[in-house]
Amino acid sequence: MPAEDHLHSARSADGAEPTARDAVSAPDAEGRPRRTTRRFPLFTRDTARPEGGGRAAPGDAPAPARQWPMLVVLSAVALGLLLTALDVFRLGTLLIGAALLAGAVMRWVLPSVGMLAVRSRFTDIVTYGVLGLAIVLLALMAQPKPLLEIPFLKDTLHFTMKH
């Protein structure tokens, strides 16, 4: 049975390409969908690359150049962890949070970020941004001598400890 029968296809006015009206899977090597039913398979055999998950540099560039956004974030996190291990806690954790925020900005601005793209663009931006912001805020509130004080947090702590 031809693939068009499964697709419930409708030809455009000029008779060129069939248009799929039902959910179909990614095409195989010949361009036909592998699965033309709306029912999900028992085992997943293919996945779509995340939007923006292409190379960040041309394919003929060396591997590190193709993945520069991920290397920038990982290098900054590694430096932050090293600083934290060397007892420069606040600066190290601020650098880790800033690296995640930079990853969120790169994911938002750049069309292709290589392996920095894990999920959809929106989910990656929110995940990197929220985690980066949380780490930065916690680093600023760390004792001793916090650089940021949020008054209601102390009240909340006292309330939870009393009752």
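Residues numbered from 1 in each chain as written. Predicted model: local features only at pLDDT ≥ 70, side-chain atom pairs only at ≥ 80, totals over all residues. Heavy atoms only, no water.

**Q** How would you summarise the overall build of the chain if you had to cite specific residues and measurements?
**A** Across its full length, the chain carries six helices and two strands. Buried positions account for 24% of the 163 residues belonging to the chain. Sequence-distant contacts, at least 24 apart, represent 46% of the contacts inside the chain between residues at least 6 apart. For the chain, the computed accessible surface area is about 11,800 Å², with 66% contributed by carbon and sulfur atoms. (Helix = DSSP H or I, 4+ residues; strand = E, 2+ residues; numbered from the N terminus. Buried < 20%, exposed > 50% of the residue type's maximum accessible area, 1.4 Å probe, protein only. Contact = heavy atoms within 4.5 Å. Areas by Shrake-Rupley, 256 points an atom, 1.4 Å probe, with all protein chains shown as cover.)

**Q** Lay out the packing of helix H3 (residues 68–85) against helix H4 (residues 89–109) in plain terms, naming residues and giving numbers.
**A** Their axes nearest at 7 Å, the elements H3 and H4 cross at an angle of 170°. Overall, the two elements H3 and H4 adopt an arrangement that is roughly antiparallel. For the element pair H3 and H4, the recorded crossing hand is left-handed. The segment H3 lies against H4, with Trp68, Pro69, Val72, Val73, Ala76, Val77, Leu79, Gly80, Leu81, Leu83 and Thr84 engaging Phe89, Leu91, Gly92, Thr93, Leu95, Ile96, Ala99, Gly103 and Met106. Here the residues of the contact of H3 with H4 are counted per class, giving 15 nonpolar, five polar and no charged. (Axes fitted to C-alpha atoms, helices over the stretch in contact; angles between N-to-C directions. Parallel < 35°, antiparallel > 145°, perpendicular 65-115°, else oblique. Left-handed = near helix turned anticlockwise from the far one by under 90°. Nonpolar A, V, L, I, M, F, W, Y, C, P; charged D, E, K, R; others polar.)

**Q** Can you tell me about the packing of H4 against helix H5 (residues 121–141), naming the residues and giving the values?
**A** One can describe the packing of H4 onto H5 by two numbers: an axis separation of 8 Å at closest approach and a directional angle of 160°. In terms of orientation, H4 and H5 fall into the roughly antiparallel class. As for how H4 packs across H5, the hand of that crossing is left-handed. Of the residues in the contact of H4 with H5, the class split is 16 nonpolar, five polar and four charged.

**Q** Pulling in residues and values, what's your account of the nonpolar core?
**A** Core analysis: the largest hydrophobic core is formed by 12 residues, namely Val73, Ala76, Val77, Ile96, Ala99, Leu100, Ala104, Met106, Val113, Leu116, Ala117 and Tyr128. Put simply, the parts of the chain that give this core at least two residues each are H3 and H4. It is H4 that provides the largest number of residues to this core, a total of five residues. In contact with Leu100, not counting residues within four places along its chain, are Tyr128, Leu131, Gly132 and Ile135. (Core = buried A, V, L, I, M, F, W, Y, C linked by side-chain atoms within 4.5 Å.)

Keep in mind that these numbers describe shape and distance, not what the molecule does.
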